[in-house]
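Listed here are the chains, written in short residue letters.
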Amino acid sequence: MPRQVDHGASALLDELDVGVLLLSRDMVVTYANARWAGWLGHTIQGGESIESLLEGSAIATVATLRAVMADGVARSVPLVFQSGQADHLARRIEGVARRFNGAVIVEGRAEEDDRFGMHDIARRLAEV
């Protein structure tokens, strides 16, 4: 199992403009920097399965992350996180997953395109 991120390193990682998400071999979150909390509106707790955090069917996303763990080839991975609150939209994060030291590190960048949110609003209105 990968080592935990120490306090000094965590403070430095929190200052980055990118999200840093560390996943264990079994796809459990062991660390998420502050950028993820800012994007999602809540902190990602260590010990949570990445699949439990993702919106809808996360099978393809988890399969991509497992492939990175298996062969070490970096891959792009779109992550659509569930909202922590019923009245908030899911959040799309584009990431690059890399294997490092028996773990998968996902470097995330929030989707800046407002169309994702607009499509979700349009879908909700259509359901009503």
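Residues numbered from 1 in each chain as written. Predicted model: local features only at pLDDT ≥ 70, side-chain atom pairs only at ≥ 80, totals over all residues. Heavy atoms only, no water.

This part takes up the side chain of Thr61. With respect to the secondary-structure elements, Thr61 resides in helix 4 (residues 59-71). Residue Thr61 is classed as buried on the basis of its relative accessible area, which comes to 13%. The residues touching Thr61, leaving out its near neighbours within four places in the chain, are Leu54, Val77, Pro78 and Leu79. (Helix = DSSP H or I, 4+ residues; strand = E, 2+ residues; numbered from the N terminus. Buried < 20%, exposed > 50% of the residue type's maximum accessible area, 1.4 Å probe, protein only. Contact = heavy atoms within 4.5 Å.)

Okay, the confidence of the model for the protein next. Overall, the predicted model of the protein reaches an average pLDDT of 81, with 73% of residues at or above 70. Confidence, expressed as mean pLDDT per element, reaches its minimum in the protein at helix 5 (residues 115-127) with 60 and its maximum at helix 4 with 95. (pLDDT = per-residue confidence, 0-100.)

With that settled, the discussion passes to the sheet that holds strand 4 (residues 91-100). Pairing is antiparallel in the open sheet, where 5 strands are placed in the order 2-1-5-4-3. The sheet is open, and its two edges are formed by strand 2 (29-32) and strand 3 (75-81), each paired on a single side. Across the sheet, the mean angle from the axis of one strand to that of its neighbour is 30 degrees, orientation sign disregarded. As defined by bridge partners, strand 1 (residues 19-23) adjoins strand 5 (residues 103-110) across 5 bridges and the pair is classed as antiparallel. Each residue of the ladder has a partner; that of Leu23, found in strand 5, is Val104. The sheet strands contacting helix 4 are strand 1, strand 3, strand 4 and strand 5, and the helix crosses strand 3 at an angle near 145 degrees. (Pairing = 2+ DSSP bridges. Axes fitted to C-alpha atoms, helices over the stretch in contact; angles between N-to-C directions.)

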